[in-house]
Structure formats: C-alpha cells, structure tokens
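For reference, the chains in residue letters:
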Amino acid sequence: GDTIWAAIKGFAVNNDGSNKVSYSAPSVGAQAEVVALAQAMADVHPETIQYIEAHGTGTNLGDPIEMTALTNAFRTQTAKKQFCAVGSVKTNIGHLDNAAGVAGLIKTALALNYRQIPASLHFEKANPKIDFDNSPFYVHTALKEWPENIDGLPRRAGVTSLGMGGTNAHVIVEEAPK
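Only a predicted model underlies this, so the values are computations on that prediction, with no experimental measurement involved.

(A) Region of the structure containing the packing of helix H1 (residues 28-42) against helix H2 (residues 62-75). The interhelical angle for the contact between H1 and H2, taken along N-to-C directions, is 45°, at an axis separation of 8 Å. Classed by the angle they form, the pair H1 and H2 counts as oblique. Seen along the crossing, H1 lies across H2 with a hand that is right-handed. Of H2, the residues touching H1 (which contributes Val28, Gln31, Ala32, Val35, Ala36 and Gln39) are Ile65, Glu66, Thr68, Ala69, Leu70, Asn72, Ala73 and Phe74. The class makeup of the residues in the contact of H1 with H2 is nine nonpolar, four polar and one charged.

(B) The sheet that holds strand S5 (residues 137-139), seen in detail. Reading across the sheet, the six strands line up as S1-S8-S7-S2-S3-S5 and stay open at both edges, with mixed pairing between neighbours. Single-partner strands in this sheet number two, and they are strand S1 (6-15) and S5. Put simply, the sheet's adjacent strands are angled 25° from each other on average, direction ignored. The pairing of strand S7 (residues 156-162) with strand S8 (residues 167-175) spans seven bridges and is antiparallel.

(C) View of a nonpolar patch on the surface. Taken together, the side chains of Trp5, Val102, Ile106, Leu110 and Tyr114 make up a nonpolar region of the molecular surface, amounting to roughly 480 Å² of accessible area. Along the polypeptide, Leu110 turns up in helix H4 (residues 100-114).

(D) Broad picture of the nonpolar core. Judged by nonpolar contacts, the single largest core of 20 residues is most densely connected at Ile49, Ile52, Met67, Phe74, Val86 and Phe137. Looking at this core, the elements that each hand over two or more residues are H1, H2 and strand S3 (84-87). Counting residues in hydrophobic clusters, the runner-up holds 11 residues, among them Tyr51, Tyr138, Val171 and Val173.

(E) Broad picture of the pattern of salt bridges. Under the counting rule described, the total for this entry stands at four salt bridges. Between Lys107 and Glu53 there is a salt bridge, and its shortest N-O distance comes to 2.9 Å. Here Glu53 lies in strand S2 (residues 51-53) and Lys107 lies in helix H4, a separation of 54 residues in the sequence. In this pair, the class of Lys107 matches that of Glu53, namely buried. Where Arg156 meets Glu174, a salt bridge forms, and the shortest distance between an N and an O atom there is 2.9 Å. Note that Arg156 is positioned in strand S7 and Glu174 in strand S8, a separation of 18 residues in sequence. For Glu174, a relative accessible area of 10% corresponds to the buried category. One continuous salt-bridge network, built from bridges that share partners, spans Arg115, Arg155 and Glu175.

Definitions and cut-offs
Residues numbered from 1 in each chain as written. Predicted model: local features only at pLDDT ≥ 70, side-chain atom pairs only at ≥ 80, totals over all residues. Heavy atoms only, no water. Axes fitted to C-alpha atoms, helices over the stretch in contact; angles between N-to-C directions. Helix = DSSP H or I, 4+ residues; strand = E, 2+ residues; numbered from the N terminus. Parallel < 35°, antiparallel > 145°, perpendicular 65-115°, else oblique. Left-handed = near helix turned anticlockwise from the far one by under 90°. Contact = heavy atoms within 4.5 Å. Nonpolar A, V, L, I, M, F, W, Y, C, P; charged D, E, K, R; others polar. Pairing = 2+ DSSP bridges. Patch = residues over 30% accessible without salt bridge, like charges linked within 9 Å, V, L, I, M, F, W, Y side chains within 5 Å. Areas by Shrake-Rupley, 256 points an atom, 1.4 Å probe, with all protein chains shown as cover. Salt bridge = Lys/Arg side-chain N within 4 Å of Asp/Glu carboxyl O. Core = buried A, V, L, I, M, F, W, Y, C linked by side-chain atoms within 4.5 Å. Buried < 20%, exposed > 50% of the residue type's maximum accessible area, 1.4 Å probe, protein only.

Now the structure itself:
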C-alpha cells in the first residue's frame, strides 16, 4: 500500500581515483562515463530525459566540469540543444554533505509525481565557463509544468551525486506507472 513516487530505471557508480589532478578535483571523463552507464542500464535515449538534478554546488571549478561531463554523455547520442532542464536542490536548501544525493533524488521523485519542474532559485546568469547555448541543457528560473515526454514515454530525469575523492553516481528515474 505504499505510494510509489518514481521508478529507478538505471544507475551507475564509479570512482576516478588516481585519474585526476588532486583528491578534491573532479574528472570530466569519469563523470561522463557514469552518466552514460546509467543511461545504458536504463535503456533510455538522452532525448527522452527532460530534467537533470545536478550535483550543482555553484563552484567555479565543479559546475563547469559537471556540465561538460553531462554534455559529453548526452552528445554520444544526440546533437539536440537546450531540451533538458537542469537544476540543483542546493539552491533551495544548501549543501547537505553526505545526504546531498538523496535530497536530489527525493526532489526529483516529487517533481515527477507532481509533474512540475522546480525553479533554480537565485539564478541570475550562467557561469561563463558553461556553454548552455550549445549544450542539451538550460537553466529555468520559475516553477513550470513538466510537459509530456516524446512518443508517450514516461517523464524522465537523471540525478547526479558526486563525492569528495572521486566517487560519482548517477540514476535515471521516471514517473511511476499509473
């Protein structure tokens, strides 16, 4: 009798360990790989993903690397631009350290259930190191209805969580079956 808010379709976890310049520096390659692996496990095409809940810490180093990795993962299958919204729960509640990933997953499950994409609060202008115009992503600044997916597919999202030391996780979720 429990309510199902969303279904996890696929996931991946990796660690880029020694393949980066320092312990705290993120890696584009490993982040892109974990997104692509989760999409493959879920057997979904990137164009059917309408929202990404990014790790999105608002840093000059991490956010451009994360968006480059997401773009690289999506670009393996599509050249389409600005079709997928991106946001981060951190604009709403701050960084929750070890609980940041689960907070993003909960936010995304609720957004799928209510069919609304929450606003990215306090967004004024993009980091100049992120080329949103030529990426699959856009930042939206107001609550909006989540449109139906192409070809009648369920609404879908990806959730990224990145850890200090190089642990990367990504899940693909979709709205719960009726």
